[in-house]
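# Topology and contacts: notes
Here is how the chains run, residue by residue.
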Protein chains: 2
Amino acid sequence: MEDGTRMSASHIGETTACEVRDVLDRVGDKWSLLVIELLDHETWRFSALLREIEGISQRMLTRTLRQLERDGLLTRTVHPVVPPRVEYALTPLGHTLFDAIQPLVAWSRGNRDEIAGARDAYDARAEPAL
Amino acid sequence: MEDGTRMSASHIGETTACEVRDVLDRVGDKWSLLVIELLDHETWRFSALLREIEGISQRMLTRTLRQLERDGLLTRTVHPVVPPRVEYALTPLGHTLFDAIQPLVAWSRGNRDEIAGARDAYDARAEPAL
DNA sequence: CGGCATCCAGTTGGATACTG
DNA sequence: CAGTATCCAACTGGATGCCG
């Protein structure tokens, strides 16, 4: 996407949202932010993450970690011992991403009730017959 | 984060990420942020949005607008004229959401190259035979 | 003009079984 | 322990056609 020959439109839309697309595709998925949050405090082993993040499957934890590693957001360190020991830690880049998300987290927390209320009101209007 | 409920590693994960889940599910999809960005400046008609957002289908524009409306992020105003005229505008809540996303947008813009580099390096390591 | 209904392809993610 | 491989269900989103 760095060749960016898209540039068409005389207008906005391309400016902001397209640039966040990559980040949103990563952070917007089901587990990434959860992993990033845990790793922001300390390093974690695979099995510890698996136990801590309730509901995640081995497969999804692996995939999530791989993608975050690929984007340079965390490091994967394999200790050649028996049994194997693999530790995951956020990179500096990963930490700054976590910081950059905090406003959105705060917004979510602060407006959760208002959103829930809006949804209820909308649904009440939409399906009065049900 | 001024809330500061900094608990130890027992059951974090529920604290932060779960609260953003709703917002991420909305904003993290393919078109919502694009719509929010356009509406942040002015009101738009349906057909204008359809023309402006290149690649979006009628179906997805409708669905995106409906969900944002349901969450109280935008208003839908139908003008009873012929031909029909429907206008969409951000609510104050919608504007604050757009503001809350800006740090993430800035982060994306500022670190795009680093991420792209990390990906290239990772891929080069992973598939040297291809 | 501003939708909605239907159909369909691609992707996401869960369950399970197996491995170095 | 830390994965990989396979299969499969659910959801997302695009294309098309119809309608008030």
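Below or above, wherever it landed, is the structure these notes cover. (Residues numbered from 1 in each chain as written. Chains lettered and ligands numbered in written order. Predicted model: local features only at pLDDT ≥ 70, side-chain atom pairs only at ≥ 80, totals over all residues. Heavy atoms only, no water.)

Between chain A and chain B, the residue contacts involve 51 residues of the former and 52 residues of the latter. With both sides pooled, the region where chain A packs onto chain B buries about 5,300 Å², and carbon together with sulfur makes up 60% of that total. Remark: the boundary between chain A and chain B carries 9 salt bridges. For Arg109(A), the salt bridge identified is with Glu19(B), shortest N-O distance 2.9 Å. In this structure, the connection of chain A to chain B is made through 14 residue pairs in polar contact (both at pLDDT 80 or more). At the level of secondary structure, the elements contributing two or more residues to the side of chain A that touches chain B comprise α1 (17–27), α2 (32–41), α4 (58–70) and α5 (92–126) of chain A. Counting residues per element, the side of chain A that touches chain B draws most heavily on α5(A), at 20 residues. (Contact = heavy atoms within 4.5 Å. Buried area = accessible area lost by both parts, 1.4 Å probe. Salt bridge = Lys/Arg side-chain N within 4 Å of Asp/Glu carboxyl O. Polar contact = N/O pair within 3.5 Å; in protein donor to acceptor, adjacent residues only side chain to side chain. Helix = DSSP H or I, 4+ residues; strand = E, 2+ residues; numbered from the N terminus.)

For the rest of this paragraph, the subject is the protein's contact with DNA strand D. Near DNA strand D, the surroundings consist of 20 residues, among which Ser47(A), Arg76(A), Tyr88(A), Lys30(B) and Arg59(B) are the closest. Near-protein atoms of DNA strand D (within 4 Å) split between backbone and bases, with sugar and phosphate holding 59%. In the environment of DNA strand D, a sugar or linking oxygen lies 3.1 Å from a nitrogen or oxygen atom belonging to the backbone of Pro84(A). Counting residues per element, the ones that place at least two in the surface near DNA strand D are α3 (46–52), α4 and β3 (85–90) of chain A together with α4 (58–70) of chain B. Looking at the surface near DNA strand D element by element, the count peaks at 4 residues for α4(A). When grouped by side-chain class, the residues that make up the surface near DNA strand D number 8 nonpolar, 4 polar and 8 charged. (Near = heavy atom within 4 Å. Nonpolar A, V, L, I, M, F, W, Y, C, P; charged D, E, K, R; others polar.)

Let us now look at the side chain of Asp40(A). Residues and elements named next belong to chain A. With respect to the helices, strands and loops of the structure, aspartate 40 is situated in helix α2. A polar side-chain atom of aspartate 40 sits 2.7 Å from a polar atom in the side chain of histidine 95. Not counting the four nearest positions on each side in its chain, aspartate 40 is found in contact with Leu90, His95 and Phe98.

With that out of the way, let us pick up the relation of the copies chain A and chain B. The operation relating the pair of chain copies consists of a rotation about an axis and a translation along that axis. Laying chain A over chain B is done by rotating through 180° and shifting 0.0 Å along the axis; what remains is an RMSD of 0.1 Å. What the rotation and shift describe, once combined, is the action of a two-fold rotation axis. The C-alpha atom lying nearest the rotation axis in chain A is that of Gly28(A); the distance is 2.5 Å. Most of the interface of chain A is mirrored in chain B, where 92% of its interface residues are also at the interface. (Least-squares fit on C-alpha atoms with pLDDT ≥ 70 in both.)

This brings us to the sheet that holds β3(A). Two pairing modes exist for strands in a sheet, parallel and antiparallel, and in both the strands are linked by backbone hydrogen bonds. Residue and element names in this part refer to chain A. With respect to topology, 3 strands assemble into an open sheet ordered β1-β3-β2, the strand pairing being antiparallel. Unpaired on one side and paired on the other, β1 (44–45) and β2 (74–79) mark the two borders of the sheet. Running over the sheet, α2 touches β1, β2 and β3 and is turned about 90° from β3. Against the sheet, α4 engages β2 and β3, with an angle of about 115° to β2. (Pairing = 2+ DSSP bridges. Axes fitted to C-alpha atoms, helices over the stretch in contact; angles between N-to-C directions.)

What follows deals with the pairing of strand β2 (residues 74–79) of chain B. All names here are of chain B. Here β2 pairs with strand β3 (residues 85–90) via 6 bridges, running antiparallel. Residue pairing in the sheet places arginine 76 in a bridge with tyrosine 88 of β3. Counted between consecutive antiparallel strands, the loop separating β2 from β3 contains 5 residues.

On to unusual backbone geometry, then. Following Val82(A), the chain continues to Pro83(A) via a peptide bond in cis, the omega torsion being 0°. Its location among the elements puts Pro83(A) in the loop between β2 and β3.

Turning our eyes to something else, we now look at the pattern of salt bridges. When the charged atoms of two side chains lie near each other, side chains of opposite charge can form a pair. All chains considered together, the criterion is met by 17 salt bridges over all chains. The shortest N-O distance in the salt bridge between Arg112(B) and Glu19(A) comes to 3.3 Å. One end of the pair, Arg112(B), is in helix α5 (residues 92–126); the other, Glu19(A), is in helix α1, on a second chain. Across the pair Asp25(B) and Arg21(B) runs a salt bridge, and its minimum N-O distance is 3.2 Å. Within this pair, Asp25(B) and its partner Arg21(B) are both found in helix α1 (residues 17–27), separated by 4 residues, close to a single helical turn. Here the salt bridges do not stand alone but share partners, grouping Arg119(A), Asp22(B), Arg26(B), Asp29(B) and Asp71(B) into one network.

Honestly, that's just the spatial picture; any functional story needs more than this.
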